[in-house]
Structure formats: structure tokens, C-alpha cells
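# Coordinates in review
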Amino acid sequence: MARINLMARNTDMRRRLPLVCLLWEVAMIILFGVFVRFNSEADAAGWTEKKYEENITSDTENEFYFRYPSFQDVHVMIFVGFGFLMTFLQRYGFGAVGFNFLLAAFGIQWALLMQGWFHTFENGKIVIGVQSLIGADFCVGSVCIAFGAILGKVSPVQVLIMTLFQVTLFSVNEYILLDLLHVKDAGGSMTIHTFGAYFGLTVTAILYRPNLDQTKDKQGSVYHSDLFSMIGTLFLWMYWPSFNSAISNHGDAQHRAAINTYCSLAACVLTTVAFSSVLEKKGRLNMVHIQNATLAGGVAIGTAAEMMLPPYGSLIIGFISGIVSTVGFVFVTPFLESKLHIQDTCGIHNLHAMPGLIGGIVGAVTAAAATEEVYGTEGLIHAFDFIGPYANRTPRVQGGFQAAGIAVSLGMALVGGAIVGGILKLPFFGDPTDENCFDDDVYWEVLEDEENSLYSMQDSTGKSVTNS
Amino acid sequence: MARINLMARNTDMRRRLPLVCLLWEVAMIILFGVFVRFNSEADAAGWTEKKYEENITSDTENEFYFRYPSFQDVHVMIFVGFGFLMTFLQRYGFGAVGFNFLLAAFGIQWALLMQGWFHTFENGKIVIGVQSLIGADFCVGSVCIAFGAILGKVSPVQVLIMTLFQVTLFSVNEYILLDLLHVKDAGGSMTIHTFGAYFGLTVTAILYRPNLDQTKDKQGSVYHSDLFSMIGTLFLWMYWPSFNSAISNHGDAQHRAAINTYCSLAACVLTTVAFSSVLEKKGRLNMVHIQNATLAGGVAIGTAAEMMLPPYGSLIIGFISGIVSTVGFVFVTPFLESKLHIQDTCGIHNLHAMPGLIGGIVGAVTAAAATEEVYGTEGLIHAFDFIGPYANRTPRVQGGFQAAGIAVSLGMALVGGAIVGGILKLPFFGDPTDENCFDDDVYWEVLEDEENSLYSMQDSTGKSVTNS
Amino acid sequence: MARINLMARNTDMRRRLPLVCLLWEVAMIILFGVFVRFNSEADAAGWTEKKYEENITSDTENEFYFRYPSFQDVHVMIFVGFGFLMTFLQRYGFGAVGFNFLLAAFGIQWALLMQGWFHTFENGKIVIGVQSLIGADFCVGSVCIAFGAILGKVSPVQVLIMTLFQVTLFSVNEYILLDLLHVKDAGGSMTIHTFGAYFGLTVTAILYRPNLDQTKDKQGSVYHSDLFSMIGTLFLWMYWPSFNSAISNHGDAQHRAAINTYCSLAACVLTTVAFSSVLEKKGRLNMVHIQNATLAGGVAIGTAAEMMLPPYGSLIIGFISGIVSTVGFVFVTPFLESKLHIQDTCGIHNLHAMPGLIGGIVGAVTAAAATEEVYGTEGLIHAFDFIGPYANRTPRVQGGFQAAGIAVSLGMALVGGAIVGGILKLPFFGDPTDENCFDDDVYWEVLEDEENSLYSMQDSTGKSVTNS
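From a predicted model like this one, the values you see are computed outputs, not experimental measurements. (Residues numbered from 1 in each chain as written. Chains lettered and ligands numbered in written order. Predicted model: local features only at pLDDT ≥ 70, side-chain atom pairs only at ≥ 80, totals over all residues. Heavy atoms only, no water.)

## Things to note about the overall build of chain A
For chain A, the helix and strand inventory stands at 16 helices and five strands. Considered along the principal axes of its C-alpha atoms, chain A spans approximately 70 × 55 × 40 Å. Taken over 468 residues, chain A has a buried fraction of 71%. For chain A, the proportion of contacts with a sequence separation of at least 24, taken over those separated by at least 6, is 80%. Carbon and sulfur atoms form 62% of the exposed surface of chain A, whose accessible area is close to 13,400 Å². Between the mean site of the 25 positive side-chain charges and the mean site of the 40 negative ones, chain A shows a separation of 8 Å. (Helix = DSSP H or I, 4+ residues; strand = E, 2+ residues; numbered from the N terminus. Buried < 20%, exposed > 50% of the residue type's maximum accessible area, 1.4 Å probe, protein only. Contact = heavy atoms within 4.5 Å. Areas by Shrake-Rupley, 256 points an atom, 1.4 Å probe, with all protein chains shown as cover. Lys, Arg positive; Asp, Glu negative; His and termini not counted. Charge placed at Lys NZ, Arg CZ, Asp CG, Glu CD.)

## Quick look at the UniProt feature "domain: Ammonium transporter AmtB-like" (unreviewed entry) in chain A
Per the UniProt record, "domain: Ammonium transporter AmtB-like" (unreviewed entry) is found at residues 58-426 of chain A. For the annotated span residues 58-426 of chain A, helix accounts for 72% and strand for 2% of the residues, and the straight-line distance between the end C-alpha atoms is 56 Å. (UniProt positions renumbered as here; feature names shortened; annotations may be inferred.)

## Quick look at a nonpolar patch on the surface
Taken together, the side chains of V26, I30 and V34 of chain A present a nonpolar region at the surface, about 230 Å² in accessible area. You can see I30 of chain A is positioned in helix α1 (residues 16-35). (Patch = residues over 30% accessible without salt bridge, like charges linked within 9 Å, V, L, I, M, F, W, Y side chains within 5 Å. Salt bridge = Lys/Arg side-chain N within 4 Å of Asp/Glu carboxyl O.)

## Description of the sheet that holds strand β2 (residues 121-122) of chain A
All names here are of chain A. Here three strands make up an open sheet; going across it, the order is β1-β3-β2 and the pairing mixed. Strands with a single pairing partner mark the edges of an open sheet, and in this sheet they are β1 (36-38) and β2. Pairing analysis gives three bridges linking β1 to strand β3 (residues 125-128), with the strands arranged parallel. For R37, the partnering residue across the bridge sits in β3 and is V127. (Pairing = 2+ DSSP bridges.)

## Quick word on the interface of chain A and chain B
It is common to give the size of an interface as the accessible area lost on bringing the parts into contact. Between chain A and chain B, the residue contacts involve 83 residues of the former and 84 residues of the latter. Of the roughly 7,200 Å² buried between chain A and chain B, counting both surfaces, carbon and sulfur atoms make up 71%. For chain A, the biggest contributors to the area lost against chain B are Y223, H255 and Y262 of chain A; these three give 13% of the whole. The tally of links between chain A and chain B comes to one salt bridge. (Buried area = accessible area lost by both parts, 1.4 Å probe.)

## Here's the deal with the relation of the copies chain A and chain B
Between chain A and chain B, which share one sequence, the superposing operator has a rotation angle of 120° and an axial displacement of 0.0 Å; the RMSD is 0.0 Å. Read as a symmetry element, the transformation amounts to a three-fold axis. Ranked by how close their C-alpha atoms come to the rotation axis, the residues of chain A are headed by P69 of chain A, at 3.9 Å. When you check the interface residues of chain A against chain B, a mere 8% turn up at the interface there too, and the two sides of the contact use different surfaces. (Least-squares fit on C-alpha atoms with pLDDT ≥ 70 in both.)

## A closer look at the sheet that holds strand β2 (residues 121-122) of chain C
One key point about sheets: their strands pair by backbone hydrogen bonds, in either a parallel or an antiparallel sense. Ordered by their spatial adjacency, three strands build an open sheet running β1-β3-β2 (chain C), and the pairing between neighbours is mixed. Edge positions in the sheet fall to β1 (36-38) and β2 of chain C, since each has one partner strand and no second.

## Structural notes on the pattern of salt bridges
Residues and elements named next belong to chain C. Taken as a whole and judged by the stated rule, the model has 33 salt bridges over all chains. The salt bridge involving E63 is made with R67; its shortest N-O contact spans 3.1 Å. Of the two residues, E63 and R67, both sit in the buried class.

## Comments concerning helix α1 (residues 16-35) of chain C
Residue and element names in this part refer to chain C. For α1, with 20 residues, the first-to-last C-alpha span of 28 Å sits near the 28 Å given by 1.5 Å per residue. Residues of α1 that are buried include every one of L17, P18, V20, C21, W24, E25, M28, I29 and F32, and no others. Within α1, the buried residues cover an arc of 165° as seen down the axis, which keeps them to one side. Looking at α1, the residues exposed on the side facing more than 90 degrees away from the buried face are L19, L23 and I30. (Expected span 1.5 Å × (residues − 1). Arc of directions from axis to C-beta.)

See below:
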């Protein structure tokens with residue numbers, strides 16, 4: 001493995017990274033100070049008042065008890081799931097986990113503001129509760145996805161800048177879809193996966209590096225980094241039912257969304273294994289597929305999971321998703337790279353982009369096919385919120401709007417990605433040179449020993465110590 | 001470490017594995033299409049109707065809220081707990097996590113059908129809800145256990161075949177015990193652990209390999225693989241209270257089962273450490289014991305945890321289990337291997353078989369000793385469902401049936417294991433040759449470098465890249 | 001890395017460790033047998049009676065459903081969070097995870113007794129329920145913290161002895177603060193972090209080793225051990241909202257505590273990254289900071305999280321904590337080591353001691369500043385339990401008592417630490433010689449190969465096998 005001889009000065013983060021982190025955190029504090037307060041479920045006086053007004057007899061009827069367990073699972077997916085999934089890179093584990101941690105910690109704060117302005121702004125204040133935390137994690141999820149495309153090729157400052165813009169664009173897109181188009185997308189196939197993936201692919205296309213081949217060896221995994229990555233895979237896979245049900249209506253909708261996601265993911269594993277085997281000359285399985293393509297079923301069932309899609313429908317979605325995703329890793333990603341100059345480090349195109357589109361389409365079809373027989377009269381209205389100005393919508397019309405949602409998300413992603421990609425291309429953000437890509441040595445204190453096996457040696461004061 | 005020179009053609013999975021995965025997944029889809037629907041807690045129209053009929057005033061009284069958190073913990077135990085526990089093998093981490101993932105993803109689907117036909121079959125349909133998901137995970141748990149005995153010595157096709165049959169046998173056994181004998185076994189000491197372990201031990205006895213000694217070096221762990229394994233150990237240990245309480249009656253039973261399991265596991269750690277130390281000539285601890293024997297208390301308290309076994313009783317059970325399990329690893333497993341030709345890769349005999357028997361016995365005794373003083377009149381009936389045709393059962397009779405449950409589970413395991421072992425012995429399932437056992441190189445794309453340290457080098461397209 | 005040539009006889013644990021473990025576990029069984037019973041939420045007859053007396057209509061109103069999800073998260077923080085956080089040491093991963101496991105398994109039992117005698121002792125019995133499990137985990141948390149200071153320098157017997165005494169002192173301190181001073185400390189900034197850290201620092205000062213420098217190389221991490229450590233970091237970080245809300249009043253208090261903790265931790269990450277970068281000559285990040293200082297916000301918000309501290313206040317606390325903690329790692333820990341002879345292996349001073357003090361101060365100020373406008377009349381009384389003998393307390397007086405709580409915790413820690421440190425210094429507990437510190441080879445079966453890379457090779461019987 002090539003050693004890092006050329007430490008170009010421009011990757012010295014000592015001024016830019018602290019400046020961005022401190023300034024932006026101060027900005028968060030000021031904005032939270034001006035705008036953010038607890039909602040009536042989390043405010044002492046507010047809860048007392050709400051209990052009185054709504055005849056709530058017990059403190060245990062607080063929304064906390066019905067949303068927090070799902071929130072915790074989503075939280076694990078964002079920080080451990082995405083963070084460790086990306087540690088497959090043999091020399092970029094610190095950057096994978098660490099920069100994911102950084103972007104998410106900033107992103108959830110900015111998302112609380114952005115989404116708060118759009119959804120819970122009353123009397124000049126953004127009021128937040130546990131649903132706000134879920135929404136912020138969802139929003140940041142789209143940034144984690146985009147990060148997967150540029151992983152290893154950017155500086156932490158670029159990651160933060162992308163987060164700043166992408167959270168804003170996400171919130172705008174989410175508002176258009178959920179509020180203006182009145183679309184349902186509980187698991188975010190459109191708002192999170194389609195948007196996040198095509199945004200990230202556009203950014204990475206703008207940031208194309210013609211000579212990245214020289215670091216081909218560092219773009220792969222080693223035995224134990226593949227096992228670290230499986231930690232991420234499994235926590236994403238296991239907790240996806242919580243992700244897809246976290247913001248659904250209480251009751252049967254949350255219950256059903258969890259079951260449908262569980263089924264889709266199970267089927268997806270089987271077809272991923274099948275195609276990973278059949279596409280290798282000796283039938284051997286490929287860890288990249290097991291780490292990523294097994295999750296495609298969760299993405300593709302995101303929109304429809306809470307709808308009355310029967311369990312066998314979820315199995316079919318998962319069946320298809322595993323195939324599409326694995327075929328993507330084997331054939332589409334190399335094509336994208338060589339023909340379209342899209343260098344997609346984690347293969348997000350195969351896990352989030354294509355399955356996200358599938359999810360949006362399945363959601364549109366399932367919505368259009370909804371009937372009163374299946375949902376019940378009340379149930380149909382409740383499932384799609386056919387109330388107020390939407391009281392006269394028919395399922396078929398809803399299906400049309402769902403499809404429109406895919407188009408809007410795509411458009412927002414491509415246009416937004418182009419703009420943000422252009423911003424990131426500016427030369428003062430400390431991005432690494434080609435030969436320094438995929439190497440933690442650039443932005444992290446890491447020591448290399450004579451056998452070229454990468455390790456960092458510091459004691460608890462953080463002082464480097466040599467290996468004797 | 002011996003390199004894999006002889007890649008016998010019969011381990012080429014390229015036809016058989018995809019065929020099995022795809023055919024069986026299509027079969028799942030068809031069967032789910034014909035049979036599986038949501039139950040009234042997860043169905044839109046059904047829930048509306050149920051609320052009306054049972055005067056349920058809030059959507060938050062849906063069963064989802066009272067079972068889903070436990071379900072998520074069980075889910076983590078199956079996929080991360082078992083999956084990573086088995087990564088102690090230095091060169092079989094991919095197979096451990098990956099094949100566990102595969103068998104469980106298929107197993108939960110087949111279990112939803114099998115258990116559904118036995119338990120929730122109404123009007124020609126299997127109706128499922130979150131309890132079905134828990135039950136399916138429980139069933140698959142027994143397969144994960146059996147897999148531990150044959151880990152490293154079988155092909156993924158054999159693993160799937162074993163899953164197919166074992167899920168069926170589990171469901172039959174579970175039906176006999178819970179429905180016909182009317183036995184209580186909330187934590188599955190009999191249905192999951194005793195059955196799963198003796199089934200697996202019988203299978204591995206049938207698949208005995210006289211020359212396996214030549215791969216002795218690969219049957220061990222390395223430093224970091226032992227740490228990966230501890231991830232599995234700890235998630236199993238921490239979430240076991242959820243496992244043993246997941247299907248108990250709401251209220252005090254779930255609450256008590258969690259507490260009893262917590263106590264039993266705590267005591268178990270102390271005696272495991274004690275015996276691991278005393279049985280080594282310099283008193284040093286053995287990671288194999290810490291990874292496995294510390295869990296025996298959870299197995300042994302499985303049946304009785306929800307009963308009115310007082311906390312000190314749980315401590316005693318844990319105390320004993322740690323000793324039995326550790327002594328098992330030190331003395332019994334070698335004996336089983338050399339005298340009875342049972343090659344037990346993970347030592348499931350010590351973690352699941354013996355402690356499972358203990359659990360069944362403790363359950364029988366605790367049931368027989370139940371009194372109205374301790375449970376209350378209502379409480380006694382409620383704890384053992386002494387209703388309907390069982391209204392006249394006494395605790396002593398119940399204890400007798402509990403003991404019968406152990407015998408039935410054992411019998412089902414031994415007979416079933418012999419049959420399935422025979423099926424697995426058929427020569428067209430691609431099992432590895434002796435020298436290829438315990439090596440991921442057979443079924444996974446893995447590269448080996450000059451220092452013989454195993455690593456896989458692929459970029460995100462899955463293409464192999466050489467190490468420069 | 002120096003090989004362990006000198007295995008001093010006194011580290012042979014073969015008599016002392018089993019003796020301590022078995023004797024103490026038998027003592028636990030006896031004490032539990034005499035004293036411990038289920039409370040009315042976990043007792044069959046008791047729950048039936050309670051439902052009747054309090055007109056509880058459903059089993060799902062059992063306390064289990066409102067506390068167990070938080071308990072599970074706390075449980076993961078204790079066993080996986082602390083356990084893996086300490087695996088950064090390149091050759092002490094087994095001791096880190098394993099001894100943490102051991103001390104916690106014993107500690108929770110002893111804590112159930114100690115805290116039970118203080119808080120839930122009725123009619124000669126200690127009655128336990130899920131809140132007892134949370135309390136016991138909290139208590140053990142303080143021991144995990146102290147263990148971080150002495151990690152690598154003590155024998156498992158010393159660890160158990162420290163646990164025995166520290167749990168007792170913790171319970172006394174907790175009783176003084178929560179019951180006598182009537183202080184609020186839901187997240188334990190004072191009772192867990194301040195107490196645990198200063199106790200541990202005092203112990204390690206007493207156990208000062210002048211020649212520890214010779215093992216400087218083993219006191220550091222290697223690349224993959226830093227990734228294992230991040231598993232611990234992330235589970236602590238993600239689940240801290242549950243930790244800080246686990247014992248708060250139902251309803252808005254739990255809800256608010258989770259939100260405040262989430263905010264504080266997010267801000268903390270940004271300033272940790274900023275200062276880690278700015279304090280390194282090339283602006284590179286230091287894994288030690290990312291692993292530890294990012295958590296300081298959770299510690300510092302512990303007391304005030306459940307109070308009506310607005311979200312921007314939490315951001316400020318987190319902002320400050322990240323800076324204090326990172327600066328601590330860079331400047332304070334070396335100072336403590338060279339000038340005050342405090343060798344703090346994990347840097348607990350920076351993560352728990354200083355942020356714990358911050359937490360106590362913030363809690364005192366936030367309490368003193370409480371008003372009826374902000375809390376509501378009922379809310380204020382409910383938040384601080386201004387009932388019974390405390391009905392006439394004002395927030396300002398409460399603030400004074402909160403500050404007294406810091407002082408008492410500090411005093412208890414320093415005095416208790418000195419005494420226990422003195423006990424641990426007695427020469428018959430098998431502590432390692434200087435050159436054997438930070439090496440698993442002393443207390444664990446581990447093999448070393450010719451390249452000096454540490455690994456343990458055992459098959460599932462625990463027998464050592466050589467590497468061919």
C-alpha cells in the first residue's frame with residue numbers, strides 16, 4: 001500500500017475545522033435561544049395544562065411512551081448503523097465512523113431548526129418533542145446516505161458544508177411532499193433515500209477525480225474491517241422496522257409497518273445471497289453484497305409499509321430489491337464509474353437510489369389501489385389523512401400525487417446536488433489529493449509501523465508513542 | 001495455517017445456493033399469498049372494528065406498544081447476539097455472521113407459516129401480529145443453536161436444509177408442549193434450548209468427521225476475533241431479560257421474568273469466572289468460558305423466570321449454571337468428542353443442552369411447588385392458564401406435565417436430529433472437505449496475502465483488488 | 001512490544017479469584033434469601049391486590065411498560081458502553097470488557113441489597129422492581145467509571161474489592177443526597193459521575209506506580225482497538241438520553257430529560273472536534289478525544305436535564321463540556337500524572353470528574369432559578385417534590401442544597417477513595433508488576449506468536465492450540 005509521502009498543506013484543518021465547528025455551534029445556540037422551546041408534552045407547565053384540557057388522567061399517556069422506543073432504534077441506525085457500515089474501508093475507519101458522527105451531531109441540530117420552522121412553528125417559536133427528534137434523525141439519514149458516495153474523498157469541512165445545505169434542501173423537499181402534495185412517505189423511500197442518494201451521486205459526479213485509480217488498493221476492505229462493517233449492517237437491518245414505523249399513525253399503522261418491513265428485509269437477504277453467488281464464477285458470496293444489498297428491502301418498502309400492503313406483497317418487494325441491488329453492485333456501479341464518471345464509494349446507488357425509486361413507485365401503486373373494503377371507511381380516511389382540504393381525494397388521485405413526489409424528490413436532489421457539488425469544488429475546503437484519498441492519515445493522528453499495518457498509538461493523554 | 005490448495009469442485013455453490021434461495025423464497029411468497037394476513041391489531045379495518053367491539057378508546061392500547069420493545073431485543077439477540085458470538089473462529093467470521101443471517105432470514109418466514117398454521121389459523125388464513133414475529137424469532141433461535149454445533153463444517157445449502165426441517169420440528173414440538181400438554185415455557189428452556197441443542201448435537205454426530213484434527217489450528221480464535229465474539233456475548237446477556245419475558249402474560253409476569261433473568265445471569269458470571277480460573281493451572285481466565293458460560297443462567301431460568309420463583313432462587317440457578325457450563329467446556333466437550341464422536345464447534349452442549357435440561361427441571365419443580373398463598377387465587381389460575389379444560393389441574397399435575405415436556409423435547413430432538421442428519425449426509429449439498437473446514441475461503445470471496453493473514457480486498461463494486 | 005517474561009507468582013489467581021467469587025456469590029444468595037422479594041408490580045398476588053386497591057383496569061398499566069425500555073438502554077451502556085469504550089488498550093481488551101463484565105455482574109447484586117436497604121425496605125424485606133434494576137445499574141456505573149482510572153494496573157480480585165466498597169459508599173452518598181438533602185440528580189452528575197470519578201482518581205493516586213513509564217507502549221491503542229472502542233462510545237452517546245431520563249417523573253420530565261441530553265451531546269461533539277483539531281499541530285483529530293470527550297455533554301447535563309432548562313441551555317452546557325473535556329485530555333491529564341502522581345488510564349478526570357462538577361453546578365443554578373411561571377404551580381412542586389417536610393422549600397434553598405450535594409459527593413469520594421485505596425494496597429491481592437501492567441497475558445489465557453502480535457488460540461474446549 002502506498003505510503004502517504006505528500007501531505008499537501010491544504011489538508012491542514014487546524015484553522016478551518018475548528019472555525020466552522022465553533023462558529024456553527026454558536027449559531028445553533030443563538031437560533032435555539034431565539035426559537036426553540038419544548039412542546040406541550042415536554043414542558044412542565046404545558047403538560048399540566050394539556051392534561052387538564054384534554055382530560056388526560058395519567059402521565060403515562062405522554063407521547064414519550066409511544067414514540068421514544070422507536071426513536072432510540074432510529075438513533076442507533078444513524079450513528080452505529082451508518083457509521084459502522086462504512087468502516088469496510090481498510091484505512092478509513094476513523095473517518096467513516098468519526099465524520100458520520102460529526103455530520104450527524106451537527107445535522108440533527110440544524111434539522112430541528114429547519115424542520116421546526118416548517119412544521120411546528122407556533123407563536124414565533126419552534127416547539128419540539130420526541131417526534132422532532134425522530135424527524136431530525138430521518139433528515140440526517142439522507143446526509144449519511146450522500147456521504148456514502150463521497151466517503152474518503154472529502155475533508156470534514158466539506159462534509160459539514162454538505163450537511164448544512166442538504167438538511168435545508170431535505171426540509172424543503174419534505175415540506176413540499178408531505179404538506180403541499182399531501183403525500184405519505186413514512187419510511188422515507190422518497191424523502192430520505194431517493195433524495196439522499198441522487199443528491200449524493202450528483203455531488204460525487206461534480207467532484208469526479210480522473211486519477212482516483214491509483215488508490216484502488218485503499219478502496220477495499222480487509223478481513224476484520226468487513227466484520228466491523230457487518231455490525232453496521234445488522235443494526236440497520238434489525239431496527240429498520242422501527243425506522244419505517246416511527247412516524248406512522250398510532251395503532252395498526254405502526255404495527256403493520258413494522259411487520260411489512262420485517263418481511264421485506266427477510267426476503268431481500270435470500271435473493272441477495274442467491275445473486276451474489278450466481279454472479280461469481282465459483283459461486284462464492286461477496287461481503288459487499290451481504291453488507292449492503294440485504295438492506296435494500298427496507299428502503300423499497302419504506303413508503304408502502306404502513307399501507308395495507310399484505311405481507312406477501314412485502315416479500316415480493318424484498319425479493320426484487322435484493323436482486324436489483326446485487327446486480328447494481330456487480331454491473332451498474334462499474335458502469336456508472338467508467339461511463340458516467342460517478343465514483344460511488346459505498347455503492348449508495350444500489351442500496352438507496354434504485355430501491356428508493358422502487359419504494360416510491362410501490363407506494364404510489366399501493367396508494368392508488370387502496371379501497372374502503374380493505375381499509376374500512378374510517379381506516380381509509382385515517383391512513384391517508386383524507387381530511388380538511390383533502391377530504392375529497394380518491395386513492396387514485398393520491399397515487400398520482402405519490403408519483404409526483406418521486407419526481408419532485410429527484411429534481412430537488414439533482415439540482416440541489418449540482419449546486420452543492422459546485423460549492424464543494426471551491427478550493428479552500430482542504431480536500432485531499434488523489435493519492436491521499438481513503439486514508440485516515442490525512443485528518444487523524446495515526447501511526448504507521450514498518451509492516452505498513454495501520455495503527456494509532458496514543459495513550460490516554462493523546463500523546464503519540466512509538467512502537468518498540 | 002494451511003492454505004486451501006484443494007478447492008474440491010463440489011463446494012461450488014453457483015448453481016445450488018441460488019437455486020435453493022430463489023425457489024424457497026418464491027415458495028414463501030406463494031404460501032404467504034395464499035395464507036398470511038394481518039391480525040386485528042395490525043389490520044386497518046380490523047383494528048377499527050376491534051376498538052369498537054372491545055370499547056378500546058385509544059390507538060395506543062394496541063398490542064404493538066406492549067410487545068414491540070421486547071421483540072426488538074429478541075431480534076438483536078438472534079442476528080447480532082448469535083451472529084457475532086460465533087465469530088470467535090479466526091477464519092470463519094464471514095460464515096458465522098453471514099450464514100446465521102441467511103438461516104435466520106429464511107427461518108423467520110418459514111416459522112411464521114409453521115407456527116401460524118398451529119396457533120393463529122382462522123378461516124383459512126394465518127393472521128399475524130407482533131407476537132408472531134417474536135415466536136418466529138424464538139423458533140429460529142433453536143436453529144442458531146444447532147448451527148453452533150456444525151459451524152464451519154457445512155455448506156450454506158446444508159444450513160438452509162437444516163433450517164427447513166428444524167423449524168418444522170420445532171413448531172410441532174412447541175405445539176405438543178404448549179397446546180397439548182399445556183406446559184409453560186416462556187423462555188424456551190425446553191422448546192428452544194433443550195430441543196435446539198440436542199437436535200444440533202445429533203446432527204453433528206451423524207456428520208462426524210474422523211480427520212477433522214488436521215484443521216485444529218483453524219478451530220481456534222485470535223485476539224480480535226475474541227473481541228468480536230464478546231459483542232455477541234454481551235448483547236445476548238443484556239437482552240436476555242427481554243427474551244424470557246417476551247411472551248409472558250402482561251403485567252407482573254413480564255416484570256418478574258425480567259428480574260429473575262437479570263439475577264440468574266449475574267450470578268452465572270461470578271461462578272463462570274471462578275471455575276474458569278480454578279480449572280487453569282495458573283488461574284488465568286479463558287475467553288471461551290466468558291463468551292459462553294456466562295450466558296447459561298439465562299437458559300436455565302427460561303421456564304421458571306415468569307413463575308413465582310423468588311430472586312434468590314434465580315441466583316441459585318445462575319450459580320449452578322455457570323459451574324455446569326464451565327466444567328462442560330473444560331471436561332465434557334473433549335469427552336464428547338473423543339468418546340462419543342460429537343464434534344461440537346461452539347460447545348452448545350455446555351451453553352444450551354445441559355442448562356436447557358436444568359431449565360426444564362427447575363420449571364417443573366417450581367410449577368409443582370406453586371401455591372395459592374404465593375400467587376393469590378386469581379394469580380395462580382392466570383399464571384398457568386388453569387382455565388377451560390385445564391381448570392382442574394393442580395400445580396403438582398402441572399409439574400408432571402412440565403417434566404413430560406422435557407422428555408418430549410428431547411425425543412423430538414434426537415429422532416429429528418437423526419433424520420435430518422441423515423438427509424444432510426447426502427453427497428450433493430456441497431459440504432467442505434476436512435481440510436477446508438473452518439475457512440471462509442470456500443464459500444466467500446476472500447484474498448490471502450503472503451503473510452497468510454486473511455483478508456478480503458474488494459472495492460464497492462465487489463471486484464477483487466490485489467494488495468500492492 | 002516487550003514480551004512478558006516475568007510472570008511473578010503473586011498474580012496467580014487460582015485460589016484467590018475463585019474463592020472471592022464463590023464466597024461472595026453465596027453471600028448474595030443468602031442475603032437475597034433473607035431479604036429480597038418482588039414488589040407489588042412484579043409479585044403475582046401483590047399485583048392482583050394492587051390492581052384492586054388502586055382501581056387499575058389493565059395489566060398494561062404495570063410500571064414495567066414505562067421504565068423497562070429505558071432500563072434496557074442503561075443496561076447496554078454499563079456492559080457494552082463502558083466495556084468496549086475501555087478496549088482501546090491494544091493488549092488489554094479482554095481485561096477491559098471482561099473485568100467490567102465481572103465487576104458489574106457482582107455490583108448489581110450488591111447494589112440491589114444496599115440500595116434496597118436504604119430505599120425499599122418494608123416489613124423486614126427489600127422489595128424490588130424494574131426501578132431497582134435501574135438504580136443498581138446506575139450505582140455500578142460509578143464503579144465502571146472508577147475502574148477506568150485503574151484499568152490495566154490491578155488484579156480482578158482488587159476490582160471486586162473496590163466494587164464491594166464503592167457500591168456501599170455510593171448507596172450511602174445517594175441516600176444522603178436524595179433522601180436527607182432532598183436533592184434531585186436524575187442523571188447522576190453528582191452521585192454517579194462526580195462521586196465515581198473522584199473516588200477512582202483518589203484510588204489510583206494511592207496506587208501510584210513510579211516506574212509505570214516502562215509500559216508506555218502498551219498504554220496506547222492500535223487501529224482496530226480504536227474501532228472497538230468507538231462501539232462503546234457510540235452506545236454510550238446514543239443511549240444517554242435514556243440514562244438521564246430513566247428515573248425522572250413520568251410524563252413531561254422524562255420527555256424533557258431525553259431532549260435536553262440529546263441536545264447537549266450534539267453540541268459537545270462539535271466543540272470536541274474543534275478543540276481536538278486546533279490543539280494538534282497539523283489539525284488532525286485524535287481518537288481519544290472522539291471516544292471520550294464527545295460524551296462529556298451527557299455527564300454535564302445529568303442533573304439539570306429533567307429540569308426546565310431550555311434546549312439552548314443544553315446546547316451551551318454541551319458546548320462548554322466538549323471544550324473542558326478535550327483540553328483536559330491534552331493538558332490536564334499529563335499535568336495530573338507528572339505533578340500530582342495521578343495515573344488515570346482512561347482519562348476519567350476529563351470525562352466524568354470535571355463534567356460531573358459542571359453538572360452539579362448547572363443543576364444547582366437551574367434549580368435555584370426555577371419559577372412558577374416556567375413550571376406552573378403544580379409543575380414546580382412536582383418537579384422538586386416540594387411536598388411533606390419539604391413543602392416550604394423555595395427554589396433558591398433547593399439550589400443551595402443541590403450545591404451541598406456536590407460537596408458531599410466530593411467528600412465521600414475523596415475520603416472513601418483514600419480508605420479503599422489503602423485497602424487495595426495490601427500485598428495479597430495479586431496485582432501485576434509494573435512491566436506486566438496493561439497486558440492481558442497476566443490474567444487471561446492468551447498466546448503470542450513470533451511476530452509479537454497478540455492472539456489467543458483455543459478451540460471450543462478452551463484447549464490451547466499452536467499456530468502452524
